[in-house]
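Descriptive analysis of the structure
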Amino acid sequence: MAQPRVAIVTGSNKGIGFGIVRNLCKQFDGVVYLTARDVERGKKAVEELNKLGLKPEFHQLDIDDPKSIANFAEFIKNTHGGIDVLVNNAAIAYRNDAPEPFGEQAEVTLRVNFFALINVCNALFPLLRPHARVVNLSSALGFLQMVPGEHLRNKLSNPNLTTTELTSLIKEFIFQAKAGTHTDAGWPNSAYSVSKVAVSALTRIQHQEFLKDPRDDIVINHVHPGYVDTDMSNHQGPLTVEQGADAATYVALLPAETTSPKGDYIWHTREIVDWVNGPTPSKL
């Protein structure tokens, strides 16, 4: 008997991730995993969806913990043998009035939003089946034009950029953030923005790698979900969670052999946006 198809959403016990799980439970033909670092919160989120008649599975996953990532990858491999949809949603953001020094904010934000994402991809990408769909959650703040320095934009948008080179650039940013020289070096004064620019740059690299992958038709895109009314936006966003989850769900369920969008930066309206040159659509 064929294995059921498998969808995974990281950081999905609340907010946009929760909305994506809810959508996938309704639209995806297979098993949907709601994951969270906190088991109690994760199980509570599953119970909420159960009340709606939806049946996601739960598994603990803390993307900031390499052991948790390894345990999860092993579980999926042994239980299902592969993955058909992976939505990399888990991320953190400091509040604007956060008391932590900017250098600390930079180090922690990039560790979770960028380096941990790479760890998740390294563990789970080998399990992707042919025709798998990968979605990396970026942001309007992840738009390349958010980086003031033209020399940095040129490096980040280089079609031949490697993960090693990107990692090196991000380590430079953290070093400069601690020294207080990051804006002089051409970076924005937002660790979250840099983390999402890095996620989008990484997605472009991963897209090129999937084009050469022997597994057929693996498609990755990066998505700006919109400015959504969640804990992360301090409930300032004008969009609902349902609206914020729409574009990510759309690209997670692209049909087989799709040619577009593919390796693209997707606005919350499902519109493809030129990540390098813009212009950015006016509505966040």
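Note: the structure precedes this text.
Residues numbered from 1 in each chain as written. Predicted model: local features only at pLDDT ≥ 70, side-chain atom pairs only at ≥ 80, totals over all residues. Heavy atoms only, no water.

So, about the overall build of the chain. Tallying secondary structure elements over the chain gives 8 helices and 8 strands in all. Against the 2.2 N^0.38 benchmark of 19 Å for 284 residues, the chain shows a C-alpha radius of gyration of 18 Å, consistent with a compact globule. Overall size of the chain, expressed as C-alpha extent along the three principal axes, is 60 × 40 × 40 Å. Counting across all 284 residues of the chain, residues that qualify as buried make up 55%. Of all intrachain contacts in the chain linking residues separated by at least 6 positions in sequence, the fraction that spans at least 24 positions is 72%. Charge-centre separation for the chain: the mean point of 27 positive side chains lies 3 Å from the mean point of 31 negative side chains. (Helix = DSSP H or I, 4+ residues; strand = E, 2+ residues; numbered from the N terminus. Rg over C-alpha atoms; globule rule 2.2 N^0.38 Å. Buried < 20%, exposed > 50% of the residue type's maximum accessible area, 1.4 Å probe, protein only. Contact = heavy atoms within 4.5 Å. Lys, Arg positive; Asp, Glu negative; His and termini not counted. Charge placed at Lys NZ, Arg CZ, Asp CG, Glu CD.)

We now examine the sheet that holds strand 3 (residues 57–60). Ordered in space as 3-2-1-4-5-6-7-8, the 8 strands form an open sheet in which the pairing is mixed. Looking at which strands have only one partner, the edges of the open sheet turn out to be strand 3 and strand 8 (272–273). When strand 2 (residues 31–36) meets strand 3, the two strands line up parallel, connected through 4 bridges. From the neighbouring strand, T35 faces strand 3, where its bridge partner is H59. Contacting strand 4 (83–88), strand 5 (128–137), strand 6 (219–223) and strand 7 (265–266), helix 8 (residues 241–252) crosses the sheet at an angle of about 160° to strand 5. (Pairing = 2+ DSSP bridges. Axes fitted to C-alpha atoms, helices over the stretch in contact; angles between N-to-C directions.)

Within the secondary structure, D274 is located in the segment after strand 8. Within polar-contact distance, the side chain of D274 engages the backbone nitrogen of V276 at 3.0 Å. (Polar contact = N/O pair within 3.5 Å; in protein donor to acceptor, adjacent residues only side chain to side chain.)

Per the stated rule, a full pass over the model turns up 8 aromatic pairs. Note on F102 and F173: the rings are 6.3 Å apart at their centroids and 85° apart in plane angle, and the pair reads as edge-to-face. Remark: F173 occurs in helix 6 (residues 163–179) and F102 occurs in helix 4 (residues 102–124); sequence separation between them is 71 residues. Taking the relative accessible area as the measure of exposure, F173 reaches 0% and is therefore buried. Ring geometry for F125 and F210: centres 5.0 Å apart, planes at 50°, overall tilted. A residue pair is termed long-range when its members are at least 10 positions apart, and F125 in the loop between helix 4 and strand 5 and F210 in helix 7 (residues 191–211) qualify at 85 residues. The same class applies to F125 and to F210, which are both buried. Here the aromatic residues Y33, F72 and F75 are joined through ring pairs into a cluster of three or more. (Phe/Tyr/Trp six-rings, centres within 6.5 Å; stacked < 30°, edge-to-face > 60°.)

This part covers the nonpolar core. If you look at the biggest cluster of nonpolar residues, it comprises 59 residues, and the most contacted ones within it are F114, L128, L156, L166, I170 and W275. Broken down by element, this core gets its largest block of residues, 11 residues, from helix 4. Ignoring sequence-local partners within four residues, the contact set of L166 consists of F114, L156, L161, A198, A201, L202 and I205. A7, L34, V87 and L254 belong to the second-largest nonpolar core, a separate cluster that totals 29 residues. (Core = buried A, V, L, I, M, F, W, Y, C linked by side-chain atoms within 4.5 Å.)

Our next topic: helix 2 (residues 39–51). For helix 2, which comprises 13 residues, the first-to-last C-alpha distance of 19 Å matches the rise-based estimate of 18 Å (1.5 Å per residue) to within 8%. On its buried face, helix 2 sits against helix 1 (15–27), strand 2 and strand 3. Among the residues of helix 2, the N-terminal cap falls to D38, whose side-chain oxygen and the backbone nitrogen of E40 are separated by 3.0 Å. G53 lies just past helix 2 and shows a positive phi near 85°. (Expected span 1.5 Å × (residues − 1).)

Moving on to the side chain of H207. Positionally, H207 belongs in helix 7. Look past the residues within four positions of H207 in its chain and what remains in contact with it is I220, K262 and G263.

Turning our eyes to something else, we now look at helix 7. With 21 residues, helix 7 ought to run about 30 Å at 1.5 Å a step, and its terminal C-alpha atoms sit 31 Å apart, in line with that. Among the 21 residues of helix 7, 17 are classified as buried, and the element is accordingly described as predominantly covered.

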